[in-house]
Amino acid sequence: MIKNETEYEINQRFNTIVSWLHSYRYKNIQEVIEEFSASNNTGPIRIIDIGCAHAKLYSILNDKFKLDYIGIDPNADYVHAAQERYQCKPNFRIINDTAEKQLHLITDADIVVALETFEHVPEHIVVRIVEEIAKTQPKLFICSVPVEVGPAIWIKNLGSLASGYMRHTEYTWKETFWAGVGRLDKLPPHGTGHKGFDWRWLAQTIRHNMQLKEMRKFPFRVFPAWLSTSVFFIAEPRQT
């Protein structure tokens, strides 16, 4: 039983498929940090988790790695739930604020993480955050975002309707059609939700500022991005 479980957490395990899809980001980040830890075993790994929500990443990693963890999230309810669970841990800290107001924390980070976060942040602010991450040069930057353009959106929204999940309700069916054929110009401008988000501009922003080491697609890496549910980026400082 999860202490003070929120509606957001319940929705993430709405059914077996939803739970399975949400698990991929955590499985993959564990793989990346295992590799990192094997070659950087001098002390605790300092992780800054942007948009950490309930700090699930901390709960997954803390038993496996030596961490110094700081989470940042603007949702007071999520932060309160995380504090209730982990505030007694000496290597845990969480801040109730937006990431752009806490960019100074990135300075000493080994790894900066943003899992399914940047689609909920205005794009001009995301650019600023990525630029600041690049400037401070953590050893790794890891982020994932959903694919909301191309045929994948048809699969996701029709699957949501069939299973009684809520993700499709953000869209009209006309908007789902246009997003599926890549015509995001037919949708309202992207704000802080899934609708209208285009992962490709984020990929280009990361490439412009850092060395994009790898891009993985979920749930199957061999699938093209337009048939994937999410994309997962691993970047590092550009070599000069």
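The shown structure was predicted, so the numbers you read here are calculated from the model rather than taken from an experiment. (Residues numbered from 1 in each chain as written. Predicted model: local features only at pLDDT ≥ 70, side-chain atom pairs only at ≥ 80, totals over all residues. Heavy atoms only, no water.)

Caption draft 1: The arrangement of the overall build of the protein in detail. On a plain count of helices and strands, the protein comes out with eight helices and seven strands. Taken against the 2.2 N^0.38 rule, which gives 18 Å for 240 residues, the C-alpha radius of gyration of the protein at 18 Å falls within 12% of a compact globule. Referenced to the eigenvectors of the C-alpha coordinate spread, the extents of the protein come out at roughly 50 × 50 × 35 Å. When each of the 240 residues of the protein is scored for burial, the buried share is 53%. (Helix = DSSP H or I, 4+ residues; strand = E, 2+ residues; numbered from the N terminus. Rg over C-alpha atoms; globule rule 2.2 N^0.38 Å. Buried < 20%, exposed > 50% of the residue type's maximum accessible area, 1.4 Å probe, protein only.)

Caption draft 2: Spatial organisation of helix α5 (residues 123–136). Taking 1.5 Å of rise per residue, 14 residues should cover 20 Å, and α5 covers 20 Å from first to last C-alpha, within 8% of that figure. Within the span of α5, buried status applies to I125, V126, I129, V130, I133, A134 and T136. Tucked inside the fold, the buried residues of α5 contact β1 (45–50), β4 (111–115), β5 (140–146) and α8 (199–209). Q137, located one to two residues past α5, shows a positive phi value of around 55 degrees. (Expected span 1.5 Å × (residues − 1). Contact = heavy atoms within 4.5 Å.)

Caption draft 3: Spotlight on a nonpolar patch on the surface. Taken together, W154, I155, L158, L161, W173, F177, V181, F220, V222, F223, W226 and L227 make up a surface patch of nonpolar side chains, about 1,200 Å² in accessible area. Of all the elements in the fold, those that place two or more residues in the nonpolar patch are α6 (152–163) and α7 (173–180). When residues in the nonpolar patch are grouped by element, the largest group, four residues, is from α6. Inspection of the secondary structure assignment puts L158 in helix α6. (Patch = residues over 30% accessible without salt bridge, like charges linked within 9 Å, V, L, I, M, F, W, Y side chains within 5 Å. Areas by Shrake-Rupley, 256 points an atom, 1.4 Å probe, with all protein chains shown as cover. Salt bridge = Lys/Arg side-chain N within 4 Å of Asp/Glu carboxyl O.)

Caption draft 4: Representation of unusual backbone geometry. Of note, the bond from F218 into P219 is cis; its omega dihedral lies within 30 degrees of zero at 0 degrees. Within the secondary structure layout, P219 lies in the loop between β6 (211–218) and β7 (230–236). In this structure, A55 is a non-glycine residue whose phi angle is positive, near 60 degrees. Tracing the sequence through the fold places A55 in the loop between β1 and α3 (56–61). Exposure remark for A55: the relative accessible area of 0% places this residue in the buried category.

Caption draft 5: Spatial organisation of α7. Along α7, the residues that are buried comprise E175, T176, A179 and G180. Looking down the long axis of α7, one finds its buried residues gathered within 135 degrees of arc, a one-sided arrangement. Contacts made by the buried residues of α7 are with α6. (Arc of directions from axis to C-beta.)

Caption draft 6: Just the pattern of salt bridges, in detail. In total, this model carries 11 salt bridges according to the counting rule given. The partner of R216 in a salt bridge is E31, and the shortest N-O contact between them spans 3.2 Å. In this pair, R216 sits in strand β6 while E31 sits in helix α2 (residues 16–39), placing the two residues 185 residues apart along the sequence. A residue is classified by how much of its surface remains accessible, and E31, at 34% relative accessible area, is partly exposed.

Caption draft 7: Highlighting the layout of surface pockets. If you add up the space inside the second largest pocket, you get close to 180 Å³. In terms of lining, the second largest pocket is formed by V32, E35, F36, S39, N40, K139, L140, K213, E214, R216, I234 and E236. Residue assignment for the lining of the second largest pocket shows that the elements contributing at least two residues are α2, β6 and β7. Counting residues per element, the lining of the second largest pocket draws most heavily on α2, which supplies four residues. (1 Å grid on protein atoms, 1.4 Å probe; cavity = no way out; pocket = protein on both sides within 12 Å on 5 of 7 lines; lining within 4 Å. Points joined across faces, edges and corners; volume = space filled by probe spheres on them.)

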